[in-house]
Amino acid sequence: MAHKVYENFVLENKIEDILLTAVDLQSYMTVDTSLTQEPGMKKVIHTYTATGNVEDLAMGEGNSEAIEVSFTSAEYDVKTTQGKFQYFDEQEMTDPMVVDTGLEGVAKKIINDFTTKAIAEYDKATLEETATAWSFDVVADAIAKLNVEDETGLFLLISPADKAAFRKALKDDLKYSEAYVRTGYIGTVCGVPVIVSKAVAANKGYLANKDAVTLFIKKGSEIEQQRDADIRSNEVFARKVAVVALTNATKAVKISINA
């Protein structure tokens, strides 16, 4: 009975292709592949905020205050995110897609884990908007809190549990086109794409730019295999070293719906 042996670098390239393609498609976080720390080490993240106001001035008057920038530091643990799948020789010989499908499953689970961590970071946003129900005004007020002139790049993350209520509340204010089906949006409000994510809790939303949260990820995937020759069982372990962190609190607003 012939067994097809997969070299580690072959599997590593497969899962790296899947991961990078999928992560790059995630428009709600910045992907930074410059991470150099090892698992167990700390990465210090500076989160910047700007305070102060602009003023209308008469001739001869000057500003009474200046825009000030401050930052807070937070330490994040660098962790190894690992996935595992197992298959038998007989399964691989019957269907060669077993390994590719298993690798894809592991990669998707890793991506889902990064997404969950990203939402947890968005939940740390210091800019907040609260309301008793979803409405056009809630979204507009949240955008105003970001104080941006150009709304390009903004998005709104909501929970699947809120999708129906969101659609009913906004009605014609939720602009829709067939193109959104392909991109995963349910529509736009004030030109801001609305994205549904299972990682978002009910009655919560996050209006943000992808600069708010960064996925610091180490280049390359680590692959390790082990085999039980007696029962022809193969196990593949795929690992990524990464940190997900809130990096710019001025780029995100946390929306809470207190129904």
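Bear in mind that the values here come from a model prediction, so they are computed numbers and not experimental data.

A.B. asks: I'd like to hear about the sheet that holds strand β8 (residues 192–196), residue by residue, with values.
C.D. replies: The strand order across the open sheet formed by six strands is β5-β13-β9-β6-β8-β7, and the pairing between neighbours is mixed. Edge positions in the open sheet fall to β5 (127–131) and β7 (185–189), since each of these has one partner strand only. Averaged over all adjacent pairs, the angle separating strand axes in this sheet is 25°, with direction ignored. Across the sheet, helix α3 (residues 97–122) touches β6 (154–158), β9 (204–209) and β13 (252–257), and the angle it forms with β9 is around 90°.

A.B. asks: Describe the packing of aromatic side chains, with residues and values.
C.D. replies: Following the criterion strictly, the structure yields five aromatic pairs and no others. Consider the rings of Phe85 and Tyr87, whose centres lie 5.8 Å apart with planes at 20°: the pair is stacked. Centre to centre, the rings of Tyr122 and Phe155 are 6.2 Å apart; their planes meet at 85°, and the pair counts as edge-to-face. Linking Tyr122 in helix α3 with Phe155 in strand β6, this pair joins segments that are 33 residues apart in sequence. Here Tyr122 matches Phe155 in class, with each residue buried. Cluster of aromatic residues (ring-pair linked, three or more members): Tyr28, Tyr122, Phe155 and Tyr206.

A.B. asks: Tell me about the environment of Phe136, residues and numbers included.
C.D. replies: By secondary structure assignment, the location of Phe136 is in helix α4 (residues 136–146). Judged by its relative accessible area of 32%, Phe136 falls in the partly exposed class. Along the backbone, Phe136 and Met93 are 43 residues apart, and their C-alpha atoms lie at a distance of 56 Å. In contact with Phe136, other than residues within four places in its own chain, are Leu170, Asp173, Val189 and Cys190.

A.B. asks: For a negative patch on the surface, give the residues involved together with the corresponding values.
C.D. replies: Among the surface-exposed residues, Asp137, Asp141, Asp172 and Asp173 lie close enough to one another that they form a single negatively charged patch. Mapped onto the fold, Asp172 is located in the loop between α5 (163–170) and α6 (179–183). Classification of Asp172 as exposed rests on a relative accessible area of 66%.

A.B. asks: Break down the pattern of salt bridges for me, with residues and values.
C.D. replies: A complete count under the given rule lists ten salt bridges for this structure. The closest approach of N and O atoms between Asp89 and Arg227, which form a salt bridge, is 2.8 Å. Of the two residues, Asp89 is situated in helix α2 (residues 89–94) and Arg227 in strand β11 (residues 222–228); the sequence distance between them amounts to 138 residues. On the basis of relative accessibility, which here comes to 40%, the residue Arg227 falls in the partly exposed class. Taking the shortest distance from any N to any O, the salt bridge between Glu129 and Lys145 comes out at 3.2 Å. With Glu129 in strand β5 and Lys145 in helix α4, this residue pair connects regions lying 16 residues apart in the sequence. Judged by relative accessible area, Glu129 falls into the buried class, the value being 9%.

A.B. asks: Quick rundown of α4? Include the residues and the values.
C.D. replies: Of all the residues in α4, the buried ones are Val138, Val139, Ala142, Ile143 and Leu146. The arc that holds every buried residue of α4, seen down its axis, measures 135°, which confines them to one face. Those residues of α4 that are exposed and angled more than 90 degrees off the buried face are Asp137 and Ala144. Once α4 finishes, Asn147 follows within two positions and takes phi at roughly 55°, a positive value.

A.B. asks: Any details on the nonpolar core? Residues and values, ideally.
C.D. replies: Ile15, Phe114, Tyr122, Leu157 and Val213 are the most contacted members of the largest nonpolar core, which has 45 residues in total. Mapped by element, the contributors of at least two residues to this core are α1 (8–25), β4 (79–88), α3, β6, β9, β10 (213–217) and β12 (233–246). When residues of this core are assigned to their parent elements, the largest contribution, ten residues, is made by α3. Judged by nonpolar contacts, the second largest core, of 21 residues, contains Val139, Leu146, Leu154 and Val253.

What counts and how
- Residues numbered from 1 in each chain as written.
- Predicted model: local features only at pLDDT ≥ 70, side-chain atom pairs only at ≥ 80, totals over all residues.
- Heavy atoms only, no water.
- Pairing = 2+ DSSP bridges.
- Helix = DSSP H or I, 4+ residues; strand = E, 2+ residues; numbered from the N terminus.
- Axes fitted to C-alpha atoms, helices over the stretch in contact; angles between N-to-C directions.
- Contact = heavy atoms within 4.5 Å.
- Phe/Tyr/Trp six-rings, centres within 6.5 Å; stacked < 30°, edge-to-face > 60°.
- Buried < 20%, exposed > 50% of the residue type's maximum accessible area, 1.4 Å probe, protein only.
- Patch = residues over 30% accessible without salt bridge, like charges linked within 9 Å, V, L, I, M, F, W, Y side chains within 5 Å.
- Areas by Shrake-Rupley, 256 points an atom, 1.4 Å probe, with all protein chains shown as cover.
- Salt bridge = Lys/Arg side-chain N within 4 Å of Asp/Glu carboxyl O.
- Lys, Arg positive; Asp, Glu negative; His and termini not counted.
- Charge placed at Lys NZ, Arg CZ, Asp CG, Glu CD.
- Arc of directions from axis to C-beta.
- Core = buried A, V, L, I, M, F, W, Y, C linked by side-chain atoms within 4.5 Å.

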